[in-house]
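# Summary of structural features
Residue-level listing of the chains:
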Amino acid sequence: QQMNFLPSYNIPTPANYKLAAGDEVVIDIWGAVYQNLTQEISPEGSITVPDLRPVYLAGQTIQEAEKNLKIQLGKIFSGIVADEPNTFIRLSLGRIRSFAINVVGDVKRPGTYTLPSLATVTSALYMAGGPSQIGSVRNIKIYRNNKLFKTFDLYKFMLDGDFQSNVRLEDNDLIKVGAYTNLVKVAGEVKRPMIYEMTNGETVSKLLEYSGGFTGNANVQRIHITRKSGERAESFDVIGRDFASFQLLDGDSLTVMPNIQDNKNRVYIQGSVWHQGSYAISDTLN
């Protein structure tokens, strides 16, 4: 099933969303006076309210803009700023603006994309077709105002639920996807056997987290690793106590073998007994 990272429009306006030219704001006034105003923020960053000079809202959050409007509209409707107000206002976001962002590097469709202003880094990657065959999903850099702003790790977002890392983009942001660092294959008795991208220093334990952990049929005490890097290929049998310290390298291949199926403490009883069948024995049972 293909995942869709297109931005949703049916969400509340984020508290830190900053208004800019092209955003549409809706002003509701009720109480002693009832009015509804819909205005688009001009290229100069202002809206026009009858009987008022231009009110500048660009660069302000919805909460900040609402406080500003309350002060400005209080010059017309005194009931808004009275000690016991009888007129109230609410500012909300109507139609949102669009902006251009750039996606470069090892993606399938690098280029400039026009996205709605609620779009995030995953939305931009989706529009660009995702990383190419050599593209990284762990080291995605977002540049803002010609400086590195954030580094995005898709594994932390999807597997660890780190939704705060999926930053909302701004006009002219640049997303750069570099080449992968380490690709490691895991096969056998894990829940998600496949190829994973590992960052430098990540261990067998981390790979087991990414792959969903052992199946119920796995030998959890030993993993066989074939390493291709170096002068010659090399094999390792890593035991359980070393999973957290054994660091993986590009080209490593891990195999998790099934457990031994022969039962170590079971006997069968048949014949002239009341309850025939399988029984467990221990060191204290003869």
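Right, let's walk through the structure included here.

Rules used throughout
One numbering rule holds for all chains: residues counted from 1, following each sequence as written. It should be noted that, the model being predicted, local features are given only for residues of pLDDT at least 70 and side-chain atom pairs only at 80 or more, the latter also being counted only at that level, while totals for whole chains, interfaces and linings use all residues. Side-chain metrics rest on all non-hydrogen atoms present in the structure, leaving aside hydrogens and water. To define a nonpolar core, start from buried Ala, Val, Leu, Ile, Met, Phe, Trp, Tyr and Cys residues and group those joined through side-chain atoms within 4.5 Å. Relative accessibility decides the category of a residue: with a 1.4 Å probe and only protein chains considered, values under 20% of the type maximum give buried, values over 50% give exposed, and everything between is partly exposed. Each patch is built from salt-bridge-free residues with over 30% relative accessible area, joining like charges within 9 Å and nonpolar side chains (Val, Leu, Ile, Met, Phe, Trp, Tyr) within 5 Å. The method behind every accessible area is Shrake-Rupley, applied with a 1.4 Å probe, and residues are considered shielded solely by the protein chains displayed. Throughout this description, the term salt bridge denotes a Lys or Arg side-chain nitrogen within 4 Å of a carboxyl oxygen of Asp or Glu. Think of it this way: any DSSP run of H or I at least four residues long counts as a helix, any run of E at least two long counts as a strand, and we number them from the N terminus. At least two bridges found by DSSP between two strands are what make those strands a pair. Between the N-to-C directions of two axes lies an angle of 0 to 180 degrees, each axis being a line fitted to C-alpha atoms and, for a helix, fitted only over the stretch in contact. We call two residues in contact whenever any of their non-hydrogen atoms come within 4.5 Å of each other. Throughout this description, a polar contact denotes any pair of N or O atoms lying within 3.5 Å of each other; where both atoms belong to protein, one of them has to be capable of donating a hydrogen while the other can accept it, and for residues adjacent in sequence the pair is counted only when both atoms sit in side chains. Aromatic rings from Phe, Tyr and Trp, taking only the six-membered ring of Trp, are treated as a pair when their centres fall within 6.5 Å; an angle between ring planes under 30 degrees marks them as stacked, one over 60 as edge-to-face, and anything in between as tilted. Cation placement over rings: the criterion is NZ of Lys or CZ of Arg within 6 Å of the ring centroid and within 35° of the ring normal.

Attention now goes to the nonpolar core. Most often, soluble globular proteins keep nonpolar side chains buried together rather than apart. By size, the foremost hydrophobic cluster in this structure holds 40 residues, and its most contacted members are Val204, Leu248 and Leu254. Of all hydrophobic cores here, the second largest spans 23 residues; its members include Leu19, Leu37, Leu69 and Leu91.

This part is about a nonpolar patch on the surface. On the surface, a nonpolar cluster with roughly 360 Å² of combined accessible area is contributed by Trp30, Tyr34 and Phe88. When you line up the elements, Phe88 lands in strand β5 (residues 87–93).

Spatially, three strands are ordered β2-β1-β5 in an open sheet, and the strand pairing comes out antiparallel. The open sheet has two edge strands, β2 (35–40) and β5, and neither has a second partner. When strand polarity is set aside, the average angle formed by the axes of neighbouring strands in this sheet is 15°. On top of the sheet, helix α1 (residues 62–73) reaches β1 (24–31) and β5; it is set at about 145° to β5, its chief contact.

Turning next to the environment of Asp237. With respect to the helices, strands and loops of the structure, Asp237 is situated in strand β14 (residues 234–239). For Asp237, a relative accessible area of 48% gives the class partly exposed. In sequence terms Asp237 and Glu202 are 35 residues apart; their C-alpha atoms lie 18 Å from each other. Here Asp237 is in contact with Arg222, Ile223 and His224, once residues within four sequence places are set aside. Of note is the side chain of Asp237, whose polar atom sits 2.7 Å from the side chain of Arg222.

Looking now at unusual backbone geometry. With a phi close to 55°, Asn145 is a non-glycine residue in the positive phi region. Here the phi dihedral of Asn146 falls at roughly 65°; this positive angle occurs in a residue that is not glycine.

Here the focus is the pattern of salt bridges. Side chains that differ in charge, positive against negative, can pair when their charged atoms come close. Taken as a whole and assessed by the stated rule, the structure comprises 11 salt bridges. Among the ionic pairs, Glu202 bridges to Arg138, the shortest N-O distance being 3.1 Å. Of this pair, Glu202 sits in the loop between β12 (194–198) and α4 (204–210) while Arg138 is found in strand β8 (residues 135–144), placing the two residues 64 residues apart along the sequence. One exposure class covers both Glu202 and Arg138, and it is buried. A single network of salt bridges, built from pairs that share partners, joins Glu24, Glu40 and Arg95.

Under the counting rule described, the total for this entry stands at six aromatic pairs. Ring centres of Tyr155 and Tyr210 lie 4.9 Å apart, and the angle between their planes is 70°; this geometry places the pair in the edge-to-face category. Taken together, the residues Tyr155 in helix α3 (residues 154–158) and Tyr210 in helix α4 connect sequence positions 55 residues apart. Accessibility classification places Tyr155 together with Tyr210 in one group, the buried group. Taken together, Tyr155, Tyr196 and Tyr210 form an aromatic cluster joined through their ring pairs. Here the basic side chain of Arg144 rests over the ring of Phe149, its NZ or CZ set 4.0 Å away from the ring centre. It is Lys150 that lies over the ring of Phe149; its NZ or CZ is 5.8 Å from the centre.

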